[in-house]
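# Structural description and commentary
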Amino acid sequence: MWGGRFRLQPGAVMAQINASIGFDRRLYRQDIAASKAHAAMLAKTGIITAQDAKSIARGLDTILAEIDAGKFVFKRALEDIHMNVESRLAELIGPAAGRLHTARSRNDQVATDFRLWIRDWLDGIDAALAAYQRVLAEKALQHAATVMPGFTHLQPAQPVTFGHHLLAYVEMAARDRGRFSDARKRLNESPLGAAALAGTSFPIDRAMTAKALGFARPMANSLDAVADRDFVLETLAACAIAAVHLSRLAEEIVIWSSPLFGFVRLSDRFATGSSIMPQKRNPDAAELVRAKSGRVFGALMALLAVMKGLPLAYQKDMQEDKEGAFDALGALVLSVDAMTGMVRDLAPDATRMRRAAGEGFSTATDLADWLVRTLKLPFREAHRVTGRIVAKATDAGVPLEKLPLEALRSIEPRITKAVFGVLSVDSSVKSRAVYGGTAPHRVRAQAKAWLRKLSETA
């Protein structure tokens, strides 16, 4: 492929380090689509004949069918997917295949292929995240009134509902989908026609190829077109944040499914046993989701390190943009699918969670709020009074609602028995009726709203 410039063949190590066909072969569908669009444009502009364009299109269709059927022989000596396809095209249609590369370079070719591949992946992850949101919202609706402890610092804080907790992850996934959508909009410009770096002297129609490939427009600067990998970085950055969200829920499932908590039971489909301890039910799927986030973070950091010192335009370093991205994006899709299945099968223990929700004096804030509303105490004074009452309950070894009225009055004489109406976990969650709060009717409304939205946008 190098023509007459070189007298010696690449060394064995050079061939090994230089070849990318081992991983970029997965771009074959996008490479063939871009080549067909390019050939059609070359014919339309009179750069090649219509007959050559038809032969090229037929040959590319044959190659696509061969790869899909597993009959195509990929050759490392041809380095990458582009040259493997072009070489086979020459075998199929002869010299006309050599006209396909007119007015383009592998630099704009690979940039186009990878954009198309990332765009297809973004469409797929959006559907996967929508399915994940749906099972979360369905489970939230089912458990809109199931009380559980809410935590800060992993210490009991205030009672919430299980449905409310799950809806928090629906919101996170919505932001993830928004970031992926934004990334898709920004990447949806075509590098094709930028050639090696300076554009081309041939009278090509870049708008035609951009439209044929579903791009919004051609990229406006040929140097940027071949040098840019922001579309990969931005996608990986969005993946990293999504992986954080998945890992946080995975961690909670690990904690909740421990017998020490006993809040939920994982389905046998997402748990494993031990080779030595017959009683074990390990939350391995959740643990692996938690771990795979590290692979996503690593791919982002690796590509940032590759790109940070590169002058314009294309450098061979940029061949390192694909393996990590393929691995990270595959890991994220697998993690989303695993979390979707785990949540769908998750069985909460409502009795256990309800009992835990009342531990740690979790309705102390409700007591302080009652003092503010009823006795008109400044909140800071109410906070101090409540703290003294909690200390008394701690010494007595009873929850707040079991502390005698006389004990409460010994600290604040104006307290009446009406205070006991706010000290149960049920009254606590019911009182959080503000928009976005954990009150069961709010949770039901939000879960139903999400299910409607997800149905409408499916």
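Owing to the predicted nature of the structure, the values given are computational and were not obtained by experimental measurement. (Residues numbered from 1 in each chain as written. Predicted model: local features only at pLDDT ≥ 70, side-chain atom pairs only at ≥ 80, totals over all residues. Heavy atoms only, no water.)

### Concerning the packing of aromatic side chains
Aromatic ring pairs are reported here in terms of the distance separating the ring centres and the angle at which the planes meet. Inspection of every chain in the model, using the stated rule, returns 9 aromatic pairs. The interplanar angle of 65° and the centroid separation of 5.8 Å between the aromatic rings of Phe162 and Trp256 together place this pair among those described as edge-to-face. Linking Phe162 in helix α7 (residues 162-187) with Trp256 in helix α10 (residues 230-257), this pair joins segments that are 94 residues apart in sequence. Just as Phe162 is buried, Trp256 falls in that class too. (Phe/Tyr/Trp six-rings, centres within 6.5 Å; stacked < 30°, edge-to-face > 60°. Helix = DSSP H or I, 4+ residues; strand = E, 2+ residues; numbered from the N terminus. Buried < 20%, exposed > 50% of the residue type's maximum accessible area, 1.4 Å probe, protein only.)

### Section: the pairing of strand β1 (residues 147-152)
As paired elements, β1 and strand β2 (residues 155-161) share 6 bridges and run antiparallel to each other. Paired with Pro149 across the two strands is Pro159, which belongs to β2. Taking the residues that link successive antiparallel strands as the turn, the β1-β2 hairpin has 2 residues, and the phi of His153 there is positive, at about 60°. (Pairing = 2+ DSSP bridges.)

### Looking at the pattern of salt bridges
The tally for this structure, following the rule as stated, stands at 25 salt bridges. With a shortest N-O distance of 2.7 Å, Asp61 and Lys36 are connected by a salt bridge. Of this pair, Asp61 sits in helix α4 (residues 50-68) while Lys36 sits in helix α3 (residues 28-44), and the two are 25 residues apart along the sequence. Across the pair Arg184 and Asp123 runs a salt bridge whose closest N-O atoms are separated by 2.7 Å. In this pair, Arg184 sits in helix α7 while Asp123 sits in helix α6 (residues 106-142), placing the two residues 61 residues apart along the sequence. A single salt-bridge network, built from bridges that share partners, covers Glu66, Lys75, Arg88 and Glu91. (Salt bridge = Lys/Arg side-chain N within 4 Å of Asp/Glu carboxyl O.)

### Focus: unusual backbone geometry
Backbone torsion omega between Leu312 and Ala313 reads 10°, so that peptide bond is classified as cis. Examined against the element boundaries, Ala313 turns out to sit in the loop between α11 (284-307) and α12 (323-345). With a phi close to 70°, Glu79 is a non-glycine residue in the positive phi region. With respect to the helices and strands, the residue Glu79 is situated in the loop between α4 and α5 (81-93). Relative accessible area serves as the criterion here: at 8%, Glu79 is assigned to the buried category. At Leu154, a position not held by glycine, the phi torsion is positive, near 60°. Considering the arrangement of structural elements, one finds Leu154 in the loop between β1 and β2. Using a relative accessible area of 51% as the deciding quantity, one classes Leu154 as exposed.

### Structural notes on the nonpolar core
Tyr132, Phe180 and Leu332 are the most contacted members of the largest nonpolar core, which totals 95 residues. For this core, the element with the highest residue contribution is α10, accounting for 16 residues. Setting aside anything within four residues of it in sequence, one finds Leu332 in contact with Trp121, Ile125, Phe180, Cys239, Ala242, Ala243 and Leu246. Core analysis: the second largest hydrophobic core is formed by 22 residues, Ala407, Ile411, Ile415 and Leu423 among them. (Core = buried A, V, L, I, M, F, W, Y, C linked by side-chain atoms within 4.5 Å. Contact = heavy atoms within 4.5 Å.)

No statement about biological role is implied by the geometric values presented.
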